[in-house]
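# Chains, contacts and geometry: an overview
Each chain, letter by letter, is given below.
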Amino acid sequence: MTLWHVVRCVGVDVLALWHDELDRFCAGIGSRFGRAEPRSRVSGYVRGLCAGMDRRNGWTIAEHAGQVSPDGMQRLLRRADWDVDGVRDDLRDLVVQRLGDESAVVVIDDTGFLKKGIRSAGVQRQYSGTAGRTENCQIGVFAAYVSPAGHALVDRQLYLPQSWTEDRARCRAAGVPDEVEFTTKPHMAIDMLQRLLDAAVPFGWVAADEAYGRAKFLRVWLHERRIPYVLATARNDDVPGRDDWFATVRIDELADLPARKWRRISCGAGAHGQRLYDWARLDVGPVWEDGFGHWIRARRSITDPDEIAYYVCYAPAKTTLAELARIAGRRWPVEECFQQAKNEAGLDEYQVRDWRAWYAHITLSMAAHALLVIARSLAAKGDQTSTQRN
């Protein structure tokens, strides 16, 4: 059952709660708009994204909002005078207000948007985890906020390959600002994490897959700020040994640890019960400072012992293996965010090509999904007083 079906099945009060949250959000972002026209269209656009239509595009969303043409909705995305990044910040603040927790995990991941043609900003043939193969697509890098109360996307950046940044005429044709330069995905992760720090967003951990975990500069950046992390990495990655910075340890040495070093631990509940794996870890890094430690860690399949995933970890020295396994398991909710946002809030249903329109649509889709998550969270807590909050 989808998230939106869950919200609808709970009852009319929850639907009212969702609409009230949307009305409050739209009222709160009013100052981000230079004119009344685009401000009045945002609510209709978000409602259209979540209306359960077979296809969501400028025409269908405009019709759902009672408009005779898609011109206004298209103008909202492409040219209207409003602060798209400011609305992103307002959305992040709302998610923190409703779902915030000091133990939250910020998960960095990317997802692909399949496209036709060559004119959409950032499009090229590149690997898409969504498709599981190389496709003609755009790639968006996202930050998800995962807390005990729920999880939602709170930041986004469009990946611009070097084939684009080396062709400024192509960039200008797609509305890409001249100051935008090539940035790797792990550097985008740092940009988004820095924005969360600047906004004093409460969180306790960072998690990401191998594409980010094997970037040593990202690990150093987190270490310098004493931000605990559990990052997947490649089996051939190496880290400083326990006794000497210059004596490196290959991650896959964990596979040779004796049986007594492995423990069977659940990293959280899944669709078919607890997700049980065998786990082991090894102390690394000759200097443990300020009560923090470094480990490499392995997760081995119970049914196929040759299937092993590897992680690099940094956390308070007293952190248990079970806690590190739990944090590793908190990375998977970002996939739920992507699936729900695409299925229920039209994250991947847009017919725009330029840079600004991508950010506008993605931001409003993130808002639509986050409001669904918040409505479900408030309903689960029985918080019917929330409709009277300012």
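Check the entry above for the structure.
Here we summarise the structure given alongside this text. None of the values given here were measured: they were computed from a predicted structure. (Residues numbered from 1 in each chain as written. Predicted model: local features only at pLDDT ≥ 70, side-chain atom pairs only at ≥ 80, totals over all residues. Heavy atoms only, no water.)

### Remarks on the side chain of S147
By the secondary structure assignment, S147 is in strand β3 (residues 133-147). On the accessibility criterion, S147 (2% relative accessible area) is buried. A polar contact is formed between the side chain of S147 and the backbone oxygen of L99, at a distance of 2.6 Å. Apart from residues lying up to four places away in sequence, S147 is in contact with L99, D101, A104 and R330. (Helix = DSSP H or I, 4+ residues; strand = E, 2+ residues; numbered from the N terminus. Buried < 20%, exposed > 50% of the residue type's maximum accessible area, 1.4 Å probe, protein only. Polar contact = N/O pair within 3.5 Å; in protein donor to acceptor, adjacent residues only side chain to side chain. Contact = heavy atoms within 4.5 Å.)

### Side note on the packing of aromatic side chains
Overall, the coordinates contain 13 aromatic pairs when judged by the stated rule. Seen in terms of ring centroids, F113 and F142 are 6.5 Å apart; in terms of plane orientation they differ by 50°. Their pairing is tilted. In this pair, F113 sits in strand β1 (residues 105-114) while F142 sits in strand β3, placing the two residues 29 residues apart along the sequence. With a centroid separation of 5.0 Å and an interplanar angle of 85°, the aromatic rings of W358 and Y359 are classed as edge-to-face. Here W358 and Y359 have matching classes, each one buried. An aromatic cluster is defined as three or more aromatic residues linked by ring pairs; in this entry it consists of F113, F142, F338, Y350, W355, W358 and Y359. The side chain of K185 reaches across the aromatic face of Y159, ending 4.9 Å from its centre. One Lys or Arg, K342, reaches over the ring of F113 and ends 5.3 Å from the middle of that ring. (Phe/Tyr/Trp six-rings, centres within 6.5 Å; stacked < 30°, edge-to-face > 60°. Lys NZ or Arg CZ within 6 Å of the ring centre and 35° of its normal.)

### Comments concerning the state of the cysteines
Enumeration according to the criterion identifies zero disulfides in this entry. The thiol sulfur of C26 is not disulfide-bonded, and the nearest other cysteine sulfur, from C50, lies at 11 Å. In this structure C26 comes out as buried when scored by relative accessible area, which is 13%. (Disulfide = S-S within 2.5 Å.)

### A short note on the environment of L324
Looking at the secondary structure, you find L324 in helix α12 (residues 321-329). Distance from L324 to R195, taken between C-alpha atoms, is 25 Å for residues 129 residues apart in sequence. In contact with L324, not counting residues within four places along its chain, are W205, V230, R281, W295, R297, C313, A315 and T319.

### What about the pattern of salt bridges?
What the rule picks out here adds up to 29 salt bridges. The partner of D23 in a salt bridge is R47, and the shortest N-O contact between them spans 2.4 Å. Of the two residues, D23 sits in helix α2 (residues 12-28) while R47 sits in helix α3 (residues 36-49), which places them 24 residues apart along the sequence. Residue class for R47 comes out partly exposed when judged on its relative accessible area of 21%. Among the salt bridges present, the one from R264 reaches D278, with a minimum N-O distance of 2.8 Å. On the criterion of sequence distance, the pair formed by R264 in strand β9 (residues 263-270) and D278 in strand β10 (residues 273-284) is long-range, its members being 14 residues apart. Classification of D278 by relative accessible area gives buried; the value is 9%. (Salt bridge = Lys/Arg side-chain N within 4 Å of Asp/Glu carboxyl O.)

### Examining the packing of helix α9 (residues 185-198) against helix α11 (residues 216-224)
Where α9 meets α11, the axes come as close as 9 Å, and the angle between the chain directions of the two elements is 15°. With respect to α11, the axis of α9 lies roughly parallel. The two elements α9 and α11 meet at a crossing, and its hand is right-handed. Residues P186, H187, I190, L193, Q194 and L197 of α9 lie in contact with α11, whose contacting residues are F217, L218, W221 and L222. Partitioned by chemical class, the residues of the contact of α9 with α11 number eight nonpolar, two polar and no charged. (Axes fitted to C-alpha atoms, helices over the stretch in contact; angles between N-to-C directions. Parallel < 35°, antiparallel > 145°, perpendicular 65-115°, else oblique. Left-handed = near helix turned anticlockwise from the far one by under 90°. Nonpolar A, V, L, I, M, F, W, Y, C, P; charged D, E, K, R; others polar.)

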